[in-house]
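# A structural walkthrough
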Amino acid sequence: MMSLSHAHTLLYAMLCGSLCFVVAFMYQRNGAKYKLFPSVTAFCIAAIAGAEWIEVMGSIILYKQWPSISPVVTIFLSMLLILAVKERGNVARIIDRLLFVRATN
């Protein structure tokens, strides 16, 4: 029987896998200038999100243990995924967007 906590954990895993896919595979440079910081940040986001997806799904499938996930983390991850999809995986534009929001306050 699936509880609300189990559904939340599966939502979190789906968000992690989606974020990894969007950042790692959707972005196309198309001749854009290489930037070190956004590239390293994109690699870290994709690697951490992919590793988290593997950890959560592995825990569920292999050990039948459902990890407890904070709703705050899920909300933050969903906002990051929305930004990544909007910018088609371009982390440099996501960073610029976040810095613009901070600079206007």
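Residues numbered from 1 in each chain as written. Predicted model: local features only at pLDDT ≥ 70, side-chain atom pairs only at ≥ 80, totals over all residues. Heavy atoms only, no water.

Enumeration over the complete set of coordinates arrives at one aromatic pair. Seen in terms of ring centroids, Phe21 and Phe25 are 5.5 Å apart; in terms of plane orientation they differ by 45°. Their pairing is tilted. Residue Phe21 and its partner Phe25 are located together in helix H1 (residues 4-26), separated by four residues, close to a single helical turn. Residue class for Phe25 comes out exposed when judged on its relative accessible area of 59%. (Phe/Tyr/Trp six-rings, centres within 6.5 Å; stacked < 30°, edge-to-face > 60°. Helix = DSSP H or I, 4+ residues; strand = E, 2+ residues; numbered from the N terminus. Buried < 20%, exposed > 50% of the residue type's maximum accessible area, 1.4 Å probe, protein only.)

Here the focus is H1. Taking 1.5 Å per residue as the helical rise, H1 with its 23 residues ought to reach 33 Å, and the 31 Å between its terminal C-alpha atoms agrees with that figure. For H1, the full list of buried residues reads His6, His8, Thr9, Tyr12, Ala13, Leu15, Cys16, Leu19, Cys20, Val22 and Val23. (Expected span 1.5 Å × (residues − 1).)

For an α-helix, the turn length of 3.6 residues means that residues three or four places apart are oriented alike. End to end, helix H2 (residues 36-63) covers 39 Å across 28 residues, agreeing with the expected 40 Å (1.5 Å per residue, within 8%). Inspection of H2 places Pro38, Ala42, Ala46, Ala49, Gly50, Val56, Met57, Gly58, Ser59 and Ile60 among the buried residues, and these make up the whole buried set. Lys64, located one to two residues past H2, shows a positive phi value of around 60°.

The phi angle of most residues is negative, glycine excepted, and most peptide bonds adopt the trans form. Its identity is not glycine, yet Asn30 carries a phi of approximately 50°, on the positive side. Summarising the element assignment, Asn30 is placed in the loop between H1 and H2. For Asn30, a relative accessible area of 70% gives the class exposed. For Lys64, which is not glycine, the phi dihedral falls at a positive 60°. Examined against the element boundaries, Lys64 turns out to sit in the loop between H2 and helix H3 (71-86). For Lys64, a relative accessible area of 64% puts it in the exposed group.

That is the geometry; function is a separate question.
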